[in-house]
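The primary structure of each chain is shown beneath.
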Amino acid sequence: MAQARVNYSNQVEIRMAGYTALREALGPVGAIQFLQQGSSGTGDYTKEKYERPQPTLNEIIAEIEASEDKTAS
């Protein structure tokens, strides 16, 4: 089967091409089951993101410097 051209700057076209590929490869039921695997999240991200300690500027700078040291050697 010939592959249709997809405009990669158009998110709707990319999504539709992906759905079509899934449906053709897995069938309608398999495609739905695959999509459902990625849509079930747990927890409360909005609440939990504020419970994590925020790094200080000095901690961020130290982490960047440590990362640069590892890549330089």
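Bear in mind the structure is a predicted one, so any value in this text is a computation, not a measurement.

**Topic: the pattern of salt bridges**
1) Next: On inspection of all chains with the given rule, the structure shows one salt bridge.
2) Next: A salt bridge links lysine 47 to glutamate 51; the nearest nitrogen and oxygen atoms lie 3.9 Å apart. Of the two residues, lysine 47 and glutamate 51 are both situated in helix α2 (residues 45–51); the distance of four residues between them amounts to about one turn of the helix.
3) Next: The exposure class assigned to lysine 47 is exposed, which follows from its relative accessible area of 52%.
4) Next: Assessed through its relative accessible area of 52%, glutamate 51 is described here as exposed.

**Regarding the confidence of the model for the protein chain**
1) Next: For the protein chain, per-residue confidence averages 86 on the pLDDT scale, and residues scoring 70 or more make up 90% of the total.
2) Next: Mean pLDDT in the protein chain bottoms out at α2, which sits at 83, and peaks at helix α1 (residues 11–37), which reaches 92.

**Thoughts on a nonpolar patch on the surface**
1) Next: A surface patch of nonpolar side chains, about 570 Å² in accessible area, is lined by Val12, Met16, Tyr19, Leu26, Phe34 and Leu35.
2) Next: By the secondary structure assignment, valine 12 is in helix α1.
3) Next: Classification of valine 12 by relative accessible area gives exposed; the value is 52%.

Conventions and cut-offs
Every chain is numbered on its own, with residues counted from 1 as its sequence reads. Reporting of local features is limited, given that this is a predicted model, to residues whose pLDDT is at least 70; pairs of side-chain atoms are given and counted only at 80 or more, and all residues count toward the totals for whole chains, interfaces and linings. Side-chain measures were taken over the full set of non-hydrogen atoms in the model, leaving aside hydrogen atoms and water. A carboxyl oxygen of Asp or Glu within 4 Å of a side-chain nitrogen of Lys or Arg is what we treat as a salt bridge. Secondary structure elements follow DSSP: runs of H or I no shorter than four residues count as helices, runs of E no shorter than two count as strands, and numbering proceeds from the N terminus. Only protein chains enter the accessibility calculation, which uses a 1.4 Å probe. A residue is then buried if its area is under 20% of the maximum for its type, exposed if over 50%, and partly exposed in between. Scored from 0 to 100, pLDDT records how confident the predictor is in each individual residue. Patches draw on residues past 30% relative accessible area with no salt bridge. Two like charges within 9 Å are joined, as are two nonpolar side chains (Val, Leu, Ile, Met, Phe, Trp, Tyr) within 5 Å. A 1.4 Å probe and the Shrake-Rupley method give the accessible areas. Residues count as covered only by the protein chains that appear here.

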